[in-house]
Amino acid sequence: MKKFRPQSGFVVQAYRYALDPNATQEAALRSHCGAARAAYNWAVAWVTASWWQRRAEESYGIPEAALTEWRPWSLPSLRKAFNEVKRTDPRFAAWWEDNSKEAYNTGLANASAAFDNYAKSKRGQRKGKRAGMPRFKSKRKARLSCRFTTGTIRVDQDGRHVTLPRLGAMRVHERTDGLRDRVSAGTARVLSATVRHERGRWFVAFQVEVKREITRVARPDVAVGIDLGVKTLAVMADSTGEIRQVPNPKYYDEAAKLLRRLSRRVSRRQGPDRRTGQKPSRRWEKANRERNRVHHRIANLRTDALHKLTTAVRAEYGTVVVEDLNVAGMLRNRRLARRIADAGFGEIRRQITYKGQRNAARTVVANRWYPSSKTCSGCGAVKAKLPLHARTYECDACGLVIDRDDNAALNLAALAAACTTGTGVAGDQDTAPVVSKPRGADQKTRTTRRSRKATAGRAGGATLPQQRQEETRDRPQAEALTLW
């Protein structure tokens with residue numbers, strides 16, 4: 001089936017609200033999320049059973065044509081197989097009617113997506129880290145989540161309740177007037193709803209097709225370069241020469257003393273032990289909740305600050321130049337990992353990118369190997385080395401003395417003029433003259449990766465069947481609509 005695409009002038013947006021369920025509703029929420037996990041585990045076991053059976057038959061010398069058939073993992077196939085066994089399987093027969101069918105469909109859809117990712121990764125068609133075989137979800141560790149795509153999904157007119165299938169009307173912590181008014185006016189349509197338990201609370205996220213007019217930014221002809229850092233969260237230099245600094249709030253550092261005290265309190269209590277089967281004490285659970293509450297507050301404060309920063313930048317400038325930082329590699333520095341993670345470099349770039357699409361503004365990504373800090377913003381000379389502790393840039397060619405971060409931000413802002421596509425990667429354009437950088441700074445360091453052919457294979461054979469290459473296309477749900 002074709003992927004869902006919004007109408008012209010519409011975008012797919014999420015509206016997220018915290019829920020205040022009563023005891024009965026919370027039990028129903030946990031039951032639905034548990035049903036999704038059980039359906040996922042069943043699908044993983046049902047598909048991989050044929051793999052292990054084929055491997056056992058191959059060890060007995062059975063020819064290929066006589067081996068057990070591959071079980072398909074497309075969503076329609078999993079639905080059909082699950083509906084045939086749910087009334088007779090002792091794992092589901094006694095309680096499957098207590099939950100909405102959407103709960104089981106959530107688990108089956110997640111299992112189908114997991115097998116698709118594994119198949120594409122094994123064939124080299126999936127970017128990023130190699131995906132392994134789908135594994136069972138633990139009841140203790142699995143994240144509680146359930147998605148509803150059909151049934152009664154609405155925002156009530158009172159603005160204080162939402163209605164979900166089989167769960168009924170549940171009170172929300174904040175008013176839903178914004179979404180309610182849009183739905184009533186016909187400028188929004190609810191596509192799905194996802195309930196999730198995180199940070200000690202239940203949340204519901206509505207996936208909505210919203211009509212959004214393109215809003216013009218305040219300074220459409222001005223480009224800004226953003227240099228992210230730890231001491232100063234962002235240094236912004238625009239094409240007019242104005243430089244502004246955004247201080248790093250350092251929410252984690254402010255709460256570090258309190259977290260240490262709470263962590264010591266947790267360590268003195270009797271906690272869980274998987275090796276001996278020891279259950280946590282009530283005092284440990286209470287202390288752990290207090291510690292988690294501080295972590296949740298830090299995360300909420302950080303999210304709020306990053307959204308305010310990126311929204312203000314996108315409402316003012318027509319072009320924003322950001323760096324393609326290797327955040328995963330930077331986190332390997334044990335001296336700076338905590339502060340880099342607290343700053344949220346990757347989240348800043350993600351928000352700037354998708355918020356720029358709302359007002360048709362440009363987002364320019366500087367090449368990861370572009371020496372923004374080593375290049376002089378006055379004459380363009382490039383230093384061979386610039387240690388991290390040197391916070392002032394002194395040019396040997398023209399004598400310019402400027403703050404290191406201000407110099408990097410000015411260089412990033414200048415890249416906006418060199419970028420020809422507006423959404424591509426600046427700093428490595430073919431139209432610009434190629435100037436060799438000292439000490440091979442223009443060359444990437446080759447990384448040694450493990451060969452995909454060196455693996456020991458998987459259950460059922462080393463190659464995927466041709467049958468799977470055809471069935472990976474018949475998933476009816478659209479990946480573009482996935483919220484989490």
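Please refer to the structure placed before this passage.
Let me begin by describing the structure that accompanies this report. Quick caveat, the model's predicted, so the values are computed rather than measured. (Residues numbered from 1 in each chain as written. Predicted model: local features only at pLDDT ≥ 70, side-chain atom pairs only at ≥ 80, totals over all residues. Heavy atoms only, no water.)

## Here's the deal with the nonpolar core
Note the threshold: The term nonpolar core refers to a set of buried residues drawn from Ala, Val, Leu, Ile, Met, Phe, Trp, Tyr and Cys, joined through side-chain atoms within 4.5 Å. Partly exposed residues are those whose accessible area sits between 20% and 50% of the maximum for their type, while under 20% is buried and over 50% is exposed, using a 1.4 Å probe and protein chains only. Numbered from the N terminus, helices here are DSSP runs of H or I no shorter than four residues, and strands are runs of E no shorter than two. Contacts are assigned to residue pairs with any non-hydrogen atoms lying within 4.5 Å of each other.
Judged by nonpolar contacts, the single largest core of 49 residues is most densely connected at Leu19, Leu108, Leu164, Val195, Val204 and Phe206. Elements that contribute at least two residues to this core include exactly strand 1 (10–18), helix 1 (23–59), helix 2 (75–85), helix 3 (101–122), strand 2 (145–148), strand 4 (161–164), strand 6 (188–198) and strand 7 (201–211). Considering each element in turn, this core owes the most residues, 11 residues, to helix 1. Those residues in contact with Leu19 that lie beyond four places of it in its chain are Val162, Met170, Arg171, Val172, Val195, Arg201, Trp202, Phe203 and Val204. Listed in part, the 20 residues of the second largest apolar core include Val224, Ala234, Ala343 and Phe345.

## A few points about the packing of aromatic side chains
This is how it is decided: Between 30 and 60 degrees the pair is tilted, below 30 it is stacked and above 60 it is edge-to-face, where a pair is any two Phe, Tyr or Trp rings, Trp via its six-membered ring, whose centres lie within 6.5 Å.
The tally for this structure, following the rule as stated, stands at 11 aromatic pairs. Plain terms: the ring middles of Trp42 and Trp46 are 5.7 Å apart, the flat faces sit at 15° to each other, and that makes the pair stacked. On the criterion of helical spacing, the pair formed by Trp42 and Trp46 is a turn pair, its members being 4 residues apart in helix 1. On the basis of relative accessibility, which here comes to 5%, the residue Trp42 falls in the buried class. A centroid spacing of 5.3 Å and a plane angle of 20° characterise the contact between Trp73 and Phe115, whose relative ring orientation is stacked. Separated by 42 residues along the polypeptide, Trp73 in the loop between helix 1 and helix 2 and Phe115 in helix 3 bring together distant segments of the chain.

## Brief notes about the sheet that holds strand 3 (residues 154–155)
Basically, it comes down to this: Following DSSP output, two strands are said to pair if at least two bridges run between them.
One open sheet accounts for 3 strands, arranged 3-4-5; its pairing is antiparallel. The open sheet has two free edges, formed respectively by strand 3 and strand 5 (168–171), since each of these has just one partner strand. Pairing of strand 4 with strand 5, which is carried by 4 bridges, proceeds in the antiparallel orientation. What sits directly across from Val162, in strand 5, is Met170.

## A short note on unusual backbone geometry
With phi around 55°, Arg199 is a residue other than glycine that occupies positive phi space. Tracing the sequence through the fold places Arg199 in the loop between strand 6 and strand 7. For Arg199, a relative accessible area of 37% puts it in the partly exposed group. Positive phi outside glycine occurs at Lys250, with the angle close to 55°. Its location among the elements puts Lys250 in the loop between strand 10 (243–247) and helix 5 (251–254).

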